[in-house]
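What follows is each chain in one-letter form.
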Amino acid sequence: MGPFSRSLSILIYHRVVSEPDPLILDQVCAREFDWQLAALRRWFTVMPLREGAERLRAGTLPVRAACVTFDDGYADNVTVALPILHRHEVHATFFVATGFLDGGRMWNDSVIETLRSAQGEVLDARSIGLETLSISTIGSRRSAIDKALAALKYLPQEERQRRVDEFSAQAPRPLPSDLMMSTEQVRQLRASGMEIGAHTVTHPILARLDPERAAGEIRDSKRRLEEITEKPVSLFAYPNGKPGRDYRQEHVALVRKLGFETAVSTAWGVAHPASDTFQLPRFTPWDKTPGKFALRLLGNTFRTRAELA
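Residues numbered from 1 in each chain as written. Predicted model: local features only at pLDDT ≥ 70, side-chain atom pairs only at ≥ 80, totals over all residues. Heavy atoms only, no water.

I would appreciate a short explanation of the overall build of the chain in the present structure.
Looking only at helices and strands, one finds 11 helices and 12 strands in the chain. Computed over the C-alpha atoms, the radius of gyration of the chain is 19 Å, within 12% of the 19 Å expected from 2.2 N^0.38 for a compact globule of 309 residues. Taking the principal axes of the C-alpha coordinates as reference, the chain spans close to 60 × 45 × 40 Å. Here the chain holds 309 residues, and 55% of them are scored as buried. Once local pairs closer than 6 in sequence are excluded, the contacts in the chain between residues at least 24 apart make up 71%. Roughly 13600 Å² of accessible area belongs to the chain as shown, and the carbon and sulfur atoms make up 51% of that amount. (Helix = DSSP H or I, 4+ residues; strand = E, 2+ residues; numbered from the N terminus. Rg over C-alpha atoms; globule rule 2.2 N^0.38 Å. Buried < 20%, exposed > 50% of the residue type's maximum accessible area, 1.4 Å probe, protein only. Contact = heavy atoms within 4.5 Å. Areas by Shrake-Rupley, 256 points an atom, 1.4 Å probe, with all protein chains shown as cover.)

Dropping the structure here:
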């Protein structure tokens, strides 16, 4: 038995849509999520993230341990994913960006929904630093989404939102206002036995903020979620989550100082006994069959320290 056989696999999801979305192929649909959880339950001991982190620290993890997490706070986490989680008796942690509750919309979804509803064969994209985007086919719209998101992602937050608003003004109809959870849905998740974690207020790239503003984003999201759930919030997920690029060591220290017990990144891999429990890695295998999904999960569990570096 290798030194990393008792590692912790933490899966990361964002949305679970009721039916496949031809514009966003990496979104998981209900049918896929159902068999993914079945495979996970068959091959792993699935546990709440809080328990997984505690047992990782204590050295008491079972041989194959896994946790399920969701980022951002999409409404379909409640309407689509929650019944499937209950059916498979899987506990998940939902990291919620509080600034988008009750009718808000993340900037990337504004871009996606604008390109979904746009008419014609090309769309003026000068407002986001591009020329024109081809939207004549589903494939070209998918490509346009990738180009637009890449052009905007690392702009300063206010400039990015200004550009997105100008770009979205071309949409022929109002963009959806029901993509994200309501406060009542957050309460519903917590009441159903799921864990709620903080994910900042506006989902900024923390490394691009001054220290005071970064602290406010983290602190205020924790405080708001505790007001909503009337429970302590001790888990945190770094927005975007790539160590060194999206957040730095000063933000790890800040998360500790603000009273969190565990935090997760989007660094690809599994957590092992030497992992920093304030920067736990996560991943999700996007394989389209249960067998390949399970094999990738199992293979990842036995990766060596060099491969995890």
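From this point, the discussion proceeds with the structure in view.
Looking at this structure, how should I read the pairing of strand 5 (residues 65–72)?
Across a regular strand the side chains alternate sides, sitting on one face of the sheet and then on the other. In terms of residue burial, strand 5 counts as a mostly covered element, since 8 of its 8 residues are buried. Strand direction decides the pairing type here: strand 1 (residues 8–13) and strand 5, joined by 6 bridges, are parallel. Paired with I12 across the bridge in strand 5 is T69. Note: strand 4 (residues 45–46) against strand 5, 2 bridges, orientation parallel. Bridged to V46 within strand 5 is A66. Regarding topology, helix 3 (residues 76–87) serves as the crossover connection from strand 5 to the parallel strand 6 (residues 92–96), and that connection is right-handed. (Pairing = 2+ DSSP bridges. Right-handed = clockwise from strand over helix to strand, strands pointing away.)

In this structure, what is going on with the nonpolar core? I would like to understand it.
Side chains that are nonpolar tend, in soluble globular proteins, to be buried together. Core analysis: the largest hydrophobic core is formed by 53 residues, its most contacted members being F33, F70, L85, F94, F236 and Y238. Among residues more than four places away in sequence, those in contact with F94 are F70, N77, L85, M181, L189, M194, E195, I196 and G197. Grouped together as the second largest cluster of nonpolar side chains are 18 residues, L115, I128, I135 and F167 included. (Core = buried A, V, L, I, M, F, W, Y, C linked by side-chain atoms within 4.5 Å.)

Honestly, the packing of helix 8 (residues 211–229) against helix 9 (residues 249–257) in this entry has me stumped. Any pointers?
A pair of packed helices can be characterised by two numbers: the angle between their axes and the separation between those axes. Two elements in contact, helix 8 and helix 9, have axes separated by 10 Å at closest approach and are oriented at 40°. When the axes of helix 8 and helix 9 are compared, the pair comes out oblique. Every pair of crossing elements has a handedness; the one defined by helix 8 and helix 9 is right-handed. Contacts between helix 8 and helix 9 involve A214, A215 and I218 from the first element and H251, L254 and V255 from the second. Of the residues belonging to the contact of helix 8 with helix 9, the class tally is 5 nonpolar, 1 polar and no charged. (Axes fitted to C-alpha atoms, helices over the stretch in contact; angles between N-to-C directions. Parallel < 35°, antiparallel > 145°, perpendicular 65-115°, else oblique. Left-handed = near helix turned anticlockwise from the far one by under 90°. Nonpolar A, V, L, I, M, F, W, Y, C, P; charged D, E, K, R; others polar.)

Can you help me understand the pattern of salt bridges in this one?
Oppositely charged side chains may form a pair once their charged atoms are brought near each other. Scanning all chains against the criterion turns up 21 salt bridges. Of the charged contacts, one joins D76 and R15 as a salt bridge, the two residues approaching to 2.7 Å between their closest N and O atoms. Separated by 61 residues along the polypeptide, D76 in helix 3 and R15 in the loop between strand 1 and strand 2 (16–17) bring together distant segments of the chain. Take D76: its relative accessible area is 7%, and that puts it in the buried class. Note on R15: relative accessible area 16%, which makes it buried. The salt bridge involving R223 is made with D220; its shortest N-O contact spans 3.8 Å. (Salt bridge = Lys/Arg side-chain N within 4 Å of Asp/Glu carboxyl O.)

Which parts of the structure should I look at to understand helix 4 (residues 107–117)?
An α-helical turn contains 3.6 residues, so any two residues separated by three or four positions project in the same direction. Among the 11 residues of helix 4, 10 are classified as buried, and the element is accordingly described as predominantly covered. Residues of helix 4 that are buried include every one of W107, N108, D109, S110, V111, I112, E113, T114, L115 and S117, and no others. Along its buried surface, helix 4 packs onto strand 7 (122–124), strand 8 (132–134), helix 5 (138–152) and helix 6 (157–168).

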